[in-house]
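# Chain and residue survey
So the chains spell out like this:
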Amino acid sequence: MVFTPGKVILCGEHAVVYGKQALVASIGLGVRARVVKISNNFGDSKNLVKNAIKIAGGDENISVEIESELPVGSGLGSSAAVAAATIKVVREYLGKSIEKDELFKLTMECEKIAHGNASGVDPAAVVYRGLISYVKGQGIERLEVKGPIKLLLVDSGKPTESTKEMVELVAKNPEREEIVEEIGGLVGKVRRELESGGRISELLDQNGKLLESLGVVGKGARKLSDELRSLGVSVKITGAGGIRAGSGMMIVMGGDLAKMKRLLKNKHINYFETEIGGQ
Ligand code: PMV
């Protein structure tokens, strides 16, 4: 049995595709994979698992069963976690160990098949774990943070678009370059605050608003964000987003989180509590 965590992008999604730094952390929820004789639990991940088995050096005689706590396609790194867990469990089954750098490379191959021009931020987060800074093509840097930071991950609804479609949509935004620059600047500030034990919630909120300008946050998620902001918390979507239906998970932090939880319960909106920097 192999466990691989999901991830949350704290800041820098989309800008990371254009070479900016993203800050990303693994979370407590994840996926479990085991090699079985007859697989009956592929769920949404059937092709992803098949590709990952092949990429790990396995053949059609190997089946892998996946149990997942991660909502699919909602920004918590489900596909990267499924791919990494599958590759690792197949390698263990074949009696071959796999180091993190190779696991990252092979998970990245799976992500490319699923997502096209993927930056690699998701595989980096789920393979290296903890809180990291990731720059496309340059690998990771581990960040030391003073004490764990609590956040709520609020479900704005499952996007109907894939990450690939959202990345393509951003590519067409005529204001993309300026917004990407602004996001890059903000991420640098968040990193400095994290490393010096300062506050990051207002900066994340600004990143959230820039993602709205980038055009990756739908009407429903924008309405919910405004409502939550009016109660004094910071809000940003995490991951690729979506505009036709939901926009995936949103990070909510700062303010009175207990009050937020009551409000979300009353509205029947799903949320998860997580901590970053403490793993
Ligand atoms: O797949 P998601 O929703 O976790 O988003 C990945 C982050 C993007 O920056 C939108 C795409 C990428 O490859 O970096």
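Note that this is a predicted model, so its numbers are computed, not measured.

The subject of this paragraph is the sheet that holds strand S9 (residues 271-276). Judged by pairing direction, the sheet is antiparallel, and its 4 strands sit side by side in the order S7-S8-S6-S9 without closing on themselves. The open sheet terminates on both sides in strands that have one partner only, identified here as strand S7 (234-237) and S9. Strand-to-strand, the axes of this sheet are offset by a mean angle of 30°, without reference to chain direction. With 4 bridges joining them, strand S6 (residues 149-155) and strand S8 (residues 249-253) adopt antiparallel strand pairing.

Applying the stated rule across the entire model yields 2 aromatic pairs. On the numbers, 5.8 Å between centres and 45° between planes, the contact of Phe104 with Tyr128 is tilted. Within this pair, whereas Phe104 is found in helix H3 (residues 100-115), its partner Tyr128 is found in helix H4 (residues 121-128), the two being separated by 24 residues in sequence. We classify Tyr128 as buried; its relative accessible area is 11%. Members of the aromatic cluster, each reached through a chain of ring pairs, are Phe104, Tyr128 and Tyr134.

Of all residues adjacent to the ligand, which total 15 residues, the nearest are Lys7, His14, Ser119, Thr163 and Ala240. Here an oxygen atom of the ligand and a side-chain polar atom of Lys7 are 2.6 Å apart. Measuring from an oxygen atom of the ligand, one finds a backbone N or O atom of His14 at 2.8 Å. In isolation the ligand has 380 Å² of accessible area, and contact with the protein removes 93% of it. With respect to the detected pockets, the ligand is housed in the largest pocket. Among the elements of the structure, strand S1 (2-11), H4 and helix H5 (163-171) are those that each provide at least two residues to the shell around the ligand. Looking at the shell around the ligand residue by residue, the classes come out as 7 nonpolar, 5 polar and 3 charged.

Glancing now at the environment of Ala258. Here Ala258 shows up in helix H9 (residues 257-266). Among the residues examined, Ala258 registers a relative accessible area of 40% and is labelled partly exposed.

Here we take up the nonpolar core. With 93 residues, the main nonpolar core has Leu10 and Leu194 as its most contacted residues. Counting residues per element, this core draws most heavily on helix H2 (residues 78-93), at 9 residues. Residue contacts for Leu194: discarding those within four places in its chain leaves Leu10, Leu23, Leu131, Leu143, Glu144, Val145, Lys146, Ile149 and Ile200.

Following both chains from N to C, one finds H2 and H4 inclined at 55°, their axes separated by 9 Å at the closest point. With respect to H4, the element H2 is oriented oblique. The handedness of the crossing between H2 and H4 is right-handed. In this structure, H2 uses Ala80, Ala81 and Ala84 to contact H4, whose residues at the interface are Asp122, Pro123, Val126 and Val127. Of the residues contributing to the contact of H2 with H4, the split by class is 6 nonpolar, no polar and 1 charged.

Our focus in this paragraph is unusual backbone geometry. In this structure, His14 takes a positive phi of about 70° despite not being glycine. Along the chain, His14 falls in the loop between S1 and strand S2 (22-36). Given the relative accessible area of 5%, His14 is considered buried. A positive phi angle, close to 60°, is found at Arg129, a residue other than glycine. For Arg129, a relative accessible area of 32% corresponds to the partly exposed category.

Cut-offs applied
- Residues numbered from 1 in each chain as written.
- Predicted model: local features only at pLDDT ≥ 70, side-chain atom pairs only at ≥ 80, totals over all residues.
- Heavy atoms only, no water.
- Pairing = 2+ DSSP bridges.
- Helix = DSSP H or I, 4+ residues; strand = E, 2+ residues; numbered from the N terminus.
- Axes fitted to C-alpha atoms, helices over the stretch in contact; angles between N-to-C directions.
- Phe/Tyr/Trp six-rings, centres within 6.5 Å; stacked < 30°, edge-to-face > 60°.
- Buried < 20%, exposed > 50% of the residue type's maximum accessible area, 1.4 Å probe, protein only.
- Near = heavy atom within 4 Å.
- Polar contact = N/O pair within 3.5 Å; in protein donor to acceptor, adjacent residues only side chain to side chain.
- Areas by Shrake-Rupley, 256 points an atom, 1.4 Å probe, with all protein chains shown as cover.
- 1 Å grid on protein atoms, 1.4 Å probe; cavity = no way out; pocket = protein on both sides within 12 Å on 5 of 7 lines; lining within 4 Å.
- Sits in = over half its atoms within 2 Å of the grid points.
- Nonpolar A, V, L, I, M, F, W, Y, C, P; charged D, E, K, R; others polar.
- Core = buried A, V, L, I, M, F, W, Y, C linked by side-chain atoms within 4.5 Å.
- Contact = heavy atoms within 4.5 Å.
- Parallel < 35°, antiparallel > 145°, perpendicular 65-115°, else oblique.
- Left-handed = near helix turned anticlockwise from the far one by under 90°.

Fair warning: the whole summary comes from geometry, so function is off the table for now.
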